[in-house]
Amino acid sequence: MARRKISLVGAGQIGGTMALALAQKQLGDVVLVDVVEGIPQGKALDIMEGRLSIGTSTVLTGTNDYSDLAGSDVVIVTAGVPRKPGMTRDDLLNINFGIIEKVGQAISASAPNAFVIVVTNPLDAMVYAMQKISGLPAERVVGMAGVLDSSRLACFVAMELGVAADDVQAVVMGGHGPSMVSLYDFVSVSGIPLPQLMNRETFDALSKRTAMAGDEIVGLLKTGSAFYSPGLSAVKMAEAYLLDKKNVLTCAALLNGQYGVNGLYCGVPVIIGANGVEKIIEVKLSGEEKVAFDKSVEAVKGNAEWVDGKMKG
């Protein structure tokens, strides 16, 4: 059986993290693609030279040529300018749209059968643009946001309660940014509903920290943004697809009527398996949560309209 091919567009910090994680998991051979000469080649060779230590036979290559995406089973797109202190995700719209446009055209030409995971910010707008430009079916173009946001919330809940992080299940929906919605009633610790373990006030503070978690890391690093947790989150999505795991993950998926939203990408729980997004799960939101979700959708809608205008222009 031929080995699977996973292409990473963008060989920066997230790209390097994903390349190492994919090699450790042996999910397939890895191609790092970047416009900067030497960076993808150097990172690929560096991990190749460490394969004996992690016991893997994954083959990694680096390239500056988008045509090397040919035959990819999965393409994960992180290419774009990272946020700097004081810069919002929306400041990135203009620069990163131009990059997504080039990458989307390359995927359409060289890897039309791939499952595409977009990580580039502002996430909801960039995944929307990717699907429009590439022309790939919506179930095979998704955005990585909710997996990361839910993981961040689970982390903070675990730290607050003094429990293992992998015992915490959390759901964060909506857009990837300050308007994201953390769901109190949908968090559990080894099956125990969070409301039995933590009061609402404490949860609201953790929810706020989750919404600003990216900014917190940007503020600490000063010269870049988070890369380990986003990289690992995207790999988790790729693994669900490649191994047909049917994982229930919160991802930016195209909604067609679900949650009263039409034609927009938004963070919702979905089932990911060999066919990509196999089902969008509609959960019942409380009145307050629905209001917050609708507000988040409005923020996403503004960015999508900007993309539409840019594509017409």
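The structure we're discussing is the one just above.
Residues numbered from 1 in each chain as written. Predicted model: local features only at pLDDT ≥ 70, side-chain atom pairs only at ≥ 80, totals over all residues. Heavy atoms only, no water.

### Quick look at the overall build of the chain
- From N to C terminus, the chain includes 10 helices and 14 strands.
- Since a compact globule built from 313 residues should have a radius of gyration of about 20 Å, the 19 Å found for the chain is in line with a globular shape.
- Taken across its 313 residues, the chain has 52% of its residues classed as buried.
- Long-range contacts, defined here as pairs at least 24 residues apart, represent 68% of the contacts in the chain between residues at least 6 apart.
- Of the roughly 13,700 Å² of accessible surface on the chain, 53% is carried by carbon and sulfur atoms.
- Positive and negative side-chain charges in the chain, numbering 27 and 32 respectively, have mean positions lying 2 Å apart. (Helix = DSSP H or I, 4+ residues; strand = E, 2+ residues; numbered from the N terminus. Rg over C-alpha atoms; globule rule 2.2 N^0.38 Å. Buried < 20%, exposed > 50% of the residue type's maximum accessible area, 1.4 Å probe, protein only. Contact = heavy atoms within 4.5 Å. Areas by Shrake-Rupley, 256 points an atom, 1.4 Å probe, with all protein chains shown as cover. Lys, Arg positive; Asp, Glu negative; His and termini not counted. Charge placed at Lys NZ, Arg CZ, Asp CG, Glu CD.)

### Quick look at the sheet that holds strand 11 (residues 192-193)
- Read across the sheet, 3 strands follow the order 7-10-11 without closing on themselves; strand pairing throughout is antiparallel. The outermost strands of the open sheet, each flanked by one partner alone, are strand 7 (168-169) and strand 11.
- Looking at chain direction, strand 7 and strand 10 (residues 188-189) are connected through 2 bridges and run antiparallel. Bridging across to strand 10, Gln169 finds its partner in Ser188. (Pairing = 2+ DSSP bridges.)

### Things to note about the environment of Asn199
- In this fold, Asn199 is placed in the loop between strand 11 and helix 7 (200-211).
- Here Asn199 falls in the partly exposed class, since its relative accessible area comes to 45%.
- C-alpha of Asn199 to C-alpha of Tyr184: the two residues are 15 residues apart in sequence and 9.5 Å apart in space.
- Here the side chain of Asn199 touches Glu201 through a polar contact of 3.3 Å, landing on its backbone nitrogen.
- Within the structure, Asn199 has its side chain in polar contact with the backbone nitrogen of Thr202 (distance 2.7 Å). (Polar contact = N/O pair within 3.5 Å; in protein donor to acceptor, adjacent residues only side chain to side chain.)

### Focus on the pattern of salt bridges
- What the rule picks out here adds up to 8 salt bridges.
- Several salt bridges share partner residues, and in doing so they unite Asp244, Lys246 and Glu278 into one network. (Salt bridge = Lys/Arg side-chain N within 4 Å of Asp/Glu carboxyl O.)

### Some words on the packing of helix 7 against helix 8 (residues 213-221)
- Running from N to C, helix 7 and helix 8 cross one another at 60 degrees; their axes reach a closest spacing of 4 Å. Looking at the two axes, helix 7 sits oblique to helix 8. Between helix 7 and helix 8, the residues in contact are Arg209, Thr210 and Ala211 and Ala213, Asp215 and Glu216, respectively.
- Taken together, the residues that form the contact of helix 7 with helix 8 break down as 2 nonpolar, 1 polar and 3 charged. (Axes fitted to C-alpha atoms, helices over the stretch in contact; angles between N-to-C directions. Parallel < 35°, antiparallel > 145°, perpendicular 65-115°, else oblique. Nonpolar A, V, L, I, M, F, W, Y, C, P; charged D, E, K, R; others polar.)

Function-wise, these values are silent; they only describe arrangement.
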